[in-house]
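Residues per chain are reported as follows:
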Amino acid sequence: MNARGASVLGACVAWFLSAAPFALDAQTFAGLSRAALAAIPWIAYCGLPRALGDSGLRAVAFEIALFLPPLALGTWIDLAGGMARPEAASISGAALGFACGLSLSARLAARAAFVRDAHAVVWALFVVLAPVLAATLVLGGASTFGSAPTWLAHASSLSPLGWMCAQLAQDSGARATPFAPLVLVLVLTLIGFGARRASVRTEDE
Amino acid sequence: MRAVVTLCVWTLCAVAVAAQNRARFADVELVGPVRGVVLTIPGGGETRIEGELERGETRVVSVPVPAQASTNAPPLVSFDEPLALDETPGRARFLGWRGGLSPLADLSPGLRARARPALEETPLAISSAALVVLLTALVVTLALKRRPWLALVAGVVASAALYPLVAKPAEVGAARVTLIDGDTAQDSWRRIDAARDEIVVPRDVHEFELWTEPADALVTWFAPLANENEWRARARGARLFLASRCAGAGLTLARTGNGYAPLDSVWLREEGEWRASSAWELDAPLPQGRPAGAPPGWLASHLPQGVPILIARECGGPARTARWIRLSGL
């Protein structure tokens, strides 16, 4: 399977994970933000480092086109369930922003091997590992060892994935504007633009 | 030894019950001009005193604060509505906590141990067409893969088409439940008002406890200056239970006649068997009833054994409210 085929397959898997909860009884997810639930698989998928050459920016629009309906359905359910409009707008807006930014950065970075590797390291450390490690410590070790170290909590707060997971609970007190995750998405996008420059320079030479 | 153990168990239970209360009264002195006074509890929760006092006005108000009885730290006083630049600000000062004994302390342990009212979920109506639209959007988007901007337009259209397919049912279950728990041998009964997200303290309730599910829900009390005692508590996503004591109405409710209120959905438990009747009219004797299924689980649990139990719902009342009575020893 070529890079584009893998990309379409990956998007379909993310779509399935995102849409599957809507096929279950609504009460199964009572108390959870359905928009955040639909967004989590996409945020995890969109920033995934791509194979070299899988850098077509039109694919970003394709991914967002797939992502929009499940996110919209989640948002309509949240609103019907009593969530305030600003909160619903904040979650869905952030989800869309994260998906666009992460997808763009991953595809831009796929133009040069070195930059793609750098992007992959930053993405793995800050988008995935930090929140997973922090959650593991908090869920598994908090009672014995106390809360996670401050540096890990700070690193985790940068993650768009971590922020979206924090929005899952509808009565969540953590409805802060996602400044830190947006900064990380911006940094990843800048790394991606670095690859674009590198590829232009290589072509010039 | 047994007495000591019993005493310890009761003390622990009392501490546990007291720790759940999220309504502790604080006396606050307000000297005008002030408006938008907020009492914040370190660790979560606040009370917002609504309204304002003009220059020269002074008032001492007693307001509910979501502090637990075990906390002695005073609330932090702040203002969320700034005064005009040329106004000399007044002040708001926390004077102290009022009372200490639970208003439910006089109730018998049996009444205090009875189950809280259950609040029905409000299920959303999601049309099965929503799944069809989602799948159609997937197929169309995949078909338009080579024209991603068109696919994006299709995604937007599908998103808009999903909006009318999600609806909140106009009438589902009771949004507010009042449960009167009584015993014919007791003078004081327990009253619990339950609601989701927000609860208003009834006018005839002056001393109360507020319990929340989850227990650590972030509670905000609103206390209007214009109408003292018209308090309301809000905790998003939580169930709120306002527990108070009310006068027993045992004398008005007897098998020979109903002097309490017209009742429907009546169950009577005798010798372990539930008998149901559709109604018990005012002044009428208790209907015979027929063997039928037990009442809803939350009403039938934690009840004393070996005594007759009456469970009934009062007729009428505002829309989406239900008022139940649960009486032992009839």
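Conventions we followed
Residues numbered from 1 in each chain as written. Chains lettered and ligands numbered in written order. Predicted model: local features only at pLDDT ≥ 70, side-chain atom pairs only at ≥ 80, totals over all residues. Heavy atoms only, no water. Contact = heavy atoms within 4.5 Å. Buried area = accessible area lost by both parts, 1.4 Å probe. Salt bridge = Lys/Arg side-chain N within 4 Å of Asp/Glu carboxyl O. Polar contact = N/O pair within 3.5 Å; in protein donor to acceptor, adjacent residues only side chain to side chain. Helix = DSSP H or I, 4+ residues; strand = E, 2+ residues; numbered from the N terminus. Nonpolar A, V, L, I, M, F, W, Y, C, P; charged D, E, K, R; others polar. Axes fitted to C-alpha atoms, helices over the stretch in contact; angles between N-to-C directions. Parallel < 35°, antiparallel > 145°, perpendicular 65-115°, else oblique. Patch = residues over 30% accessible without salt bridge, like charges linked within 9 Å, V, L, I, M, F, W, Y side chains within 5 Å. Areas by Shrake-Rupley, 256 points an atom, 1.4 Å probe, with all protein chains shown as cover. Buried < 20%, exposed > 50% of the residue type's maximum accessible area, 1.4 Å probe, protein only. Expected span 1.5 Å × (residues − 1). Arc of directions from axis to C-beta. Core = buried A, V, L, I, M, F, W, Y, C linked by side-chain atoms within 4.5 Å. Pairing = 2+ DSSP bridges. pLDDT = per-residue confidence, 0-100. Phe/Tyr/Trp six-rings, centres within 6.5 Å; stacked < 30°, edge-to-face > 60°. Lys NZ or Arg CZ within 6 Å of the ring centre and 35° of its normal.

**Q** Explain the interface of chain B and chain A to me, and be specific about the residues and the numbers.
**A** You'll often see interface size given as the accessible area lost when the parts meet. Each partner contributes to the interface: chain B provides 31 residues, whereas chain A provides 30 residues. Interface area for chain B against chain A, summed over the two sides, is near 2700 Å², with a carbon-plus-sulfur share of 76%. Sorting the residues of chain B by area buried against chain A places Leu134(B), Lys145(B) and Arg236(B) first, and these three jointly supply 23% of that buried surface. At the junction of chain B and chain A, the tally comes to zero salt bridges. On inspection of chain B and its partner chain A, the count reaches two residue pairs in polar contact (both at pLDDT 80 or more). Here the side of chain B that touches chain A takes nine residues from helix H4 (residues 148–162) of chain B, the largest share from any one element. Across the side of chain B that touches chain A, the residue classes tally to 20 nonpolar, five polar and six charged.

**Q** Requested: an account of the packing of helix H3 (residues 58–80) of chain A against H4(B), with residues and values cited.
**A** Two elements in contact, H3(A) and H4(B), have axes whose closest approach is 8 Å; the angle formed by their N-to-C orientations is 0 degrees. The angle between H3(A) and H4(B) falls in the class roughly parallel. Residue-level inspection shows Arg58(A), Ala61(A), Phe62(A), Ile64(A), Ala65(A), Leu68(A), Pro69(A), Ala72(A), Leu73(A) and Trp76(A) of H3(A) in contact with H4(B), the latter providing Pro148(B), Trp149(B), Ala151(B), Leu152(B), Gly155(B), Val156(B), Ala158(B), Ser159(B) and Leu162(B). Taken together, the residues that form the contact of H3(A) with H4(B) break down as 16 nonpolar, two polar and one charged.

**Q** Break down a nonpolar patch on the surface for me, citing the residues and quoting the values.
**A** Together, Leu9(A), Val13(A), Phe16(A) and Leu17(A) line one region of the surface with nonpolar side chains, adding up to about 400 Å² of accessible area. For Leu17(A), the position within the fold is in helix H1 (residues 3–23).

**Q** Pulling in residues and values, what's your account of the environment of Ala118(A)?
**A** Residue and element names in this part refer to chain A. Considering the arrangement of structural elements, one finds Ala-118 in helix H5 (residues 113–145). In this structure Ala-118 comes out as partly exposed when scored by relative accessible area, which is 29%. In the structure, Ala-118 is positioned 73 residues away from Ile-191 in sequence and 7.8 Å away in space, judged by C-alpha atoms.

**Q** Describe helix H3 (residues 129–143) of chain B, listing the residues and the values that go with them.
**A** Residues three or four positions apart in an α-helix share a direction because the helix packs 3.6 residues into each turn. Residues and elements named next belong to chain B. Across its 15 residues, H3 extends 21 Å between first and last C-alpha, which sits within 8% of the 21 Å expected from 1.5 Å per residue. Along H3, the residues classified as buried are Ala-130, Leu-134, Ala-137, Leu-138 and Thr-141. Take H3 and look down its axis: the buried residues cluster within an arc of 100 degrees, on one side only. Opposite the buried face of H3, at more than 90 degrees from it, the exposed residues are Val-132, Val-139 and Ala-143.

**Q** Could you give an account of the nonpolar core, with specific residues and numbers?
**A** One finds Trp42(A), Leu73(A), Phe98(A) and Met164(A) to be the most contacted residues of the largest nonpolar core, which totals 51 residues. For this core, the elements supplying multiple residues, two or more each, are H1, helix H2 (34–46), H3, helix H4 (85–109), H5, helix H7 (160–166) and helix H8 (179–204) of chain A together with H3 of chain B. Counting 35 residues, the second-largest nonpolar core is a separate cluster that includes Ile41(B), Ala67(B), Phe94(B) and Trp97(B).

**Q** Describe the sheet that holds strand S1 (residues 24–31) of chain B, with residues and values.
**A** Residue and element names in this part refer to chain B. Taken in spatial order, the three strands make up an open sheet running S4-S1-S6, and their pairing is antiparallel. Whereas interior strands pair on both sides, the edge strands pair on one side only; in this sheet they are strand S4 (58–65) and strand S6 (91–97). Neighbour-to-neighbour, the strand axes of the sheet open up by a mean angle of 30 degrees, direction not taken into account. Strand direction decides the pairing type here: S1 and S6, joined by six bridges, are antiparallel.

**Q** How would you explain the confidence of the model for chain B if you had to name every residue and give the values?
**A** In this model, chain B carries a mean pLDDT of 81, and residues with pLDDT of at least 70 account for 86%. Both scores are available for the predicted complex, with the pTM at 0.55 and the ipTM at 0.85.

**Q** With reference to specific residues and values, describe the packing of H3(B) against H4(B).
**A** All names here are of chain B. It is at 9 Å that the axes of H3 and H4 come closest, and there the two elements cross at 175 degrees. In terms of orientation, H3 and H4 fall into the roughly antiparallel class. Here Ala-130, Val-133, Leu-134, Ala-137, Val-140 and Thr-141 of H3 lie close against H4, whose contacting residues are Ala-151, Ala-154, Ala-158, Ala-161 and Leu-162.

**Q** How would you explain the packing of aromatic side chains if you had to name every residue and give the values?
**A** Two descriptors summarise a pair of aromatic rings, namely the distance from one centre to the other and the angle between the planes of the rings. Counting across every chain of the model gives ten aromatic pairs over all chains. Both rings, one in Phe208(B) and one in Trp231(B), keep their centres 5.9 Å apart while their planes meet at 55 degrees; by these two values the pair is tilted. One end of the pair, Phe208(B), is in strand S11 (residues 208–213); the other, Trp231(B), is in the loop between strand S12 (220–224) and strand S13 (232–247), and 23 residues separate them in sequence. Classification of Trp231(B) by relative accessible area gives buried; the value is 6%. Residues Trp267(B) and Trp324(B) carry aromatic rings whose centres are separated by 6.3 Å and whose planes lie at 25 degrees to one another, so their mutual orientation is stacked. Linking Trp267(B) in strand S16 (residues 263–270) with Trp324(B) in strand S20 (residues 321–328), this pair joins segments that are 57 residues apart in sequence. Taken individually, Trp267(B) and Trp324(B) each receive the classification buried, so the pair is uniform in this respect. Through a chain of ring-to-ring contacts, three or more aromatic side chains come together here, namely Phe25(B), Phe208(B), Trp221(B) and Trp231(B). Here the basic side chain of Arg50(A) rests over the ring of Tyr45(A), its NZ or CZ set 4.7 Å away from the ring centre. Seen from the ring of Phe62(A), Lys145(B) lies directly overhead, with NZ or CZ sitting 5.4 Å from the centre.

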